[in-house]
Amino acid sequence: MNTAAAVADFRTYPLISALGGVQSLADRVAIEWADGRVSPFHHVWLRDNCPCPQCVYNVTREQVFESVDAAEDLKPAAVHIDTDGCLRIDWQDGHLSRFDPGWLRAHAYDEQSRAERLAAKPKPYLWRSDLQLPVFEYAALMNDNAVLLQWLIAVRDIGLTQVRGVPTEPGSLKLIAQRISFIRESNFGVLFNVQSKADADSNAYTAFNLPLHTDLPTRELQPGLQFLHCLVNDAEGGESIFVDGFAIADALRGEDPASFQALCEIPVEFRNKDRHSDYRCLAPIIALDALGRVAEIRMANFLRGAFDTSVEQMPRLYRAYRRFIAMTREPRFRLMQRLNSGELWCFDNRRTLHARNAFDPATGARHFQGCYIDRDELLSRILVMQR
């Protein structure tokens with residue numbers, strides 16, 4: 001048997017309410033908290049989540065026990081609250097489990113507890129043309145972790161930020177991007193140069209207008225964050241345009257639910273090929289998460305293949321697609337701003353659509369550098385910094 005402390009997590013869980021009482025039932029244990037809430041925990045769930053060193057390796061904090069290795073009908077021989085205020089369960093097979101009350105409350109799955117957890121999850125701030133753009137200073141982000149965390153949360157919740165005072169030497173972008181995590185390499189490189197060139201393998205490397213889009217919708221997993229760093233911008237034109245794809249999806253769901261549903265259900269193929277690569281991805285334009293919330297927008301008309309759906313669905317898809325594109329052109333959603341030398345954009349590429357007005361390369365030099373970081377790395381960095 002094991003009498004180790006009930007700890008199997010890197011995180012800490014505050015004592016919201018002490019254990020007030022415990023009742024053993026046929027297939028579960030009912031906890032009555034000191035604040036009056038009652039939380040049921042099934043026997044199988046409690047045994048599965050035992051935090052002892054026999055069940056969780058205390059170096060990696062990863063589970064080594066699998067629920068199938070205990071009897072399916074395993075029940076407690078005794079259940080009580082110990083002198084440390086923990087829930088102690090002596091199982092019929094001789095195993096001992098101890099659960100910290102803070103951890104138990106944080107993972108309780110009664111209706112009220114689950115509703116509270118859902119309400120506490122970060123929510124995207126939906127913005128339109130009147131967004132007060134979050135702006136940060138490069139020096140502060142490089143030297144002050146508190147400011148860095150503010151920036152990361154703004155990227156997560158708003159999906160569009162600007163950083164000023166960035167050095168303009170080529171490659172400087174890498175330093176600030178790596179304050180978040182490692183850079184995701186693509187066929188365009190670790191850092192890619194956005195310049196007009198005669199042998200362009202992407203419309204981004206020309207001087208003409210780029211419509212609103214997400215980068216690399218041709219990939220199974222679109223890059224999460226995109227950085228665009230301005231080294232020099234002396235050419236006339238080339239203003240950056242952004243829209244919040246989540247805000248457009250939210251408006252579409254309210255104003256035209258049939259079109260919203262079509263863009264969630266009917267997949268569209270995006271394609272990109274050059275002499276050395278051929279990428280294709282079939283996916284809906286609007287992706288929902290497991291809770292039915294908008295999680296991703298996938299859009300780049302210039303990388304879209306011919307629609308391929310049933311005869312009955314084709315008019316429905318075109319109607320919805322045209323409506324979505326039309327909404328991205330509405331002034332209520334569009335934010336436009338010129339990026340100057342020493343400034344950079346950092347935005348959620350799976351949410352925020354970006355565009356560029358045409359520019360005249362004869363009027364001056366224009367050189368941006370860009371890179372990608374996956375959204376998972378942003379979210380992980382925030383959680384680590386918040387510990």
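Above this text sits the structure in question.
Conventions adopted
- Residues numbered from 1 in each chain as written.
- Predicted model: local features only at pLDDT ≥ 70, side-chain atom pairs only at ≥ 80, totals over all residues.
- Heavy atoms only, no water.
- Helix = DSSP H or I, 4+ residues; strand = E, 2+ residues; numbered from the N terminus.
- Buried < 20%, exposed > 50% of the residue type's maximum accessible area, 1.4 Å probe, protein only.
- Contact = heavy atoms within 4.5 Å.
- Areas by Shrake-Rupley, 256 points an atom, 1.4 Å probe, with all protein chains shown as cover.
- Lys, Arg positive; Asp, Glu negative; His and termini not counted.
- Charge placed at Lys NZ, Arg CZ, Asp CG, Glu CD.
- Axes fitted to C-alpha atoms, helices over the stretch in contact; angles between N-to-C directions.
- Parallel < 35°, antiparallel > 145°, perpendicular 65-115°, else oblique.
- Nonpolar A, V, L, I, M, F, W, Y, C, P; charged D, E, K, R; others polar.
- Pairing = 2+ DSSP bridges.
- Expected span 1.5 Å × (residues − 1).
- Core = buried A, V, L, I, M, F, W, Y, C linked by side-chain atoms within 4.5 Å.

1. Topic: the overall build of the protein chain
Link 1 in the chain: Counting its secondary structure elements, the protein chain contains 10 helices and 24 strands.
Link 2 in the chain: Seen along its three principal axes, the alpha-carbon backbone of the protein chain occupies a region of about 80 × 55 × 40 Å.
Link 3 in the chain: Residues classed as buried in the protein chain amount to 47% of the 387 residues present.
Link 4 in the chain: For the protein chain, long-range pairs separated by at least 24 residues make up 73% of all intrachain contacts whose partners lie at least 6 apart in sequence.
Link 5 in the chain: Surface summary for the protein chain: the accessible area is close to 19100 Å², and the carbon and sulfur share equals 50%.
Link 6 in the chain: With 44 positive and 50 negative side-chain charges, the protein chain shows a spacing of 4 Å between the two charge centroids.

2. Details of unusual backbone geometry
Excluding glycine, most residues fall at negative phi; most peptide bonds, likewise, are trans.
Link 1 in the chain: Despite not being glycine, Arg 61 has its phi angle at roughly 60°, a positive value.
Link 2 in the chain: As for its placement among the helices and strands, Arg 61 is situated in the loop between strand 4 (56–57) and strand 5 (62–63).
Link 3 in the chain: Judged by relative accessible area, Arg 61 falls into the partly exposed class, the value being 32%.
Link 4 in the chain: Positive phi, normally seen in glycine, also occurs at Leu 216, with a value near 55°.
Link 5 in the chain: Relative to the elements of secondary structure, Leu 216 occurs in the loop between strand 12 (210–213) and strand 13 (225–233).
Link 6 in the chain: Residue classification places Leu 216 among the buried positions, given a relative accessible area of 8%.

3. Quick look at the packing of helix 7 (residues 245–255) against helix 8 (residues 257–265)
Link 1 in the chain: One can describe the packing of helix 7 onto helix 8 by two numbers: an axis separation of 5 Å at closest approach and a directional angle of 130°. Judged on the interaxial angle alone, helix 8 and helix 7 are oblique. Between helix 7, through Ala 249, Leu 252, Arg 253, Gly 254 and Glu 255, and helix 8, the contact on the second element is made entirely by Pro 257, Ser 259, Phe 260 and Leu 263.
Link 2 in the chain: By residue class, the composition of the contact of helix 7 with helix 8 is five nonpolar, two polar and two charged.

4. Some details on the sheet that holds strand 9 (residues 135–137)
Link 1 in the chain: Spatially, 9-10-21-13-24-11 is the arrangement adopted by the six strands of the open sheet, whose pairing is mixed. Whereas interior strands pair on both sides, the edge strands pair on one side only; in this sheet they are strand 9 and strand 11 (192–194). Between one strand and the next, the sheet's axes are offset by a mean angle of 25°, whatever the strand orientation.
Link 2 in the chain: Here four bridges tie strand 10 (residues 160–164) to strand 21 (residues 344–348), and the two strands are oriented antiparallel to one another. Paired with Thr 161 across the strands is Cys 346, a residue of strand 21.

5. Regarding the sheet that holds strand 8 (residues 96–99)
Link 1 in the chain: Here three strands make up an open sheet; going across it, the order is 6-7-8 and the pairing antiparallel. Looking at which strands have only one partner, the edges of the open sheet turn out to be strand 6 (76–81) and strand 8. This sheet shows a mean twist of 15° between the axes of neighbouring strands, independent of strand direction.
Link 2 in the chain: Where strand 7 (residues 87–91) meets strand 8, four bridges bridge the pair, whose relative direction is antiparallel. Paired with Ile 89 across the two strands is Ser 97, which belongs to strand 8.

6. Structural notes on helix 5 (residues 145–157)
Link 1 in the chain: Its 13 residues place the ends of helix 5 18 Å apart at the C-alpha level, agreeing with the 18 Å of an ideal helix rising 1.5 Å per residue.
Link 2 in the chain: Every buried residue of helix 5 is listed here: Val 147, Leu 148, Leu 149, Trp 151, Leu 152, Ala 154, Val 155 and Asp 157.

7. Some thoughts on the nonpolar core
Link 1 in the chain: Core analysis: the biggest nonpolar cluster contains 31 residues, and Leu 263, Ile 285, Ile 286, Ile 297, Met 299 and Phe 324 have the highest contact counts within it.
Link 2 in the chain: Contributing elements (two or more residues each) for this core: strand 15 (240–244), helix 7, helix 8, strand 16 (268–273), strand 19 (294–297), helix 9 (314–328) and strand 22 (352–356).
Link 3 in the chain: Ignoring any residue separated from it by four or fewer positions in sequence, one finds Met 299 in contact with Leu 212, His 213, Thr 214, Pro 217, Gln 222, Phe 270, Ile 285, Tyr 321, Phe 324, Ile 325 and Leu 353.
Link 4 in the chain: In terms of nonpolar packing, the next biggest core, distinct from the first, is built from 26 residues, Trp 151, Val 155, Leu 344 and Leu 378 among them.

8. Some points on the environment of Leu 317
Link 1 in the chain: Considering the arrangement of structural elements, one finds Leu 317 in helix 9.
Link 2 in the chain: We classify Leu 317 as buried; its relative accessible area is 0%.
Link 3 in the chain: Taking the C-alpha atoms as reference points, Leu 317 and Ser 259, separated by 58 residues in sequence, lie 7.7 Å from one another.
Link 4 in the chain: Ignoring anything within four residues of it in the chain, the contact list for Leu 317 reads Leu 263, Ile 266, Val 268, Phe 307 and Thr 309.

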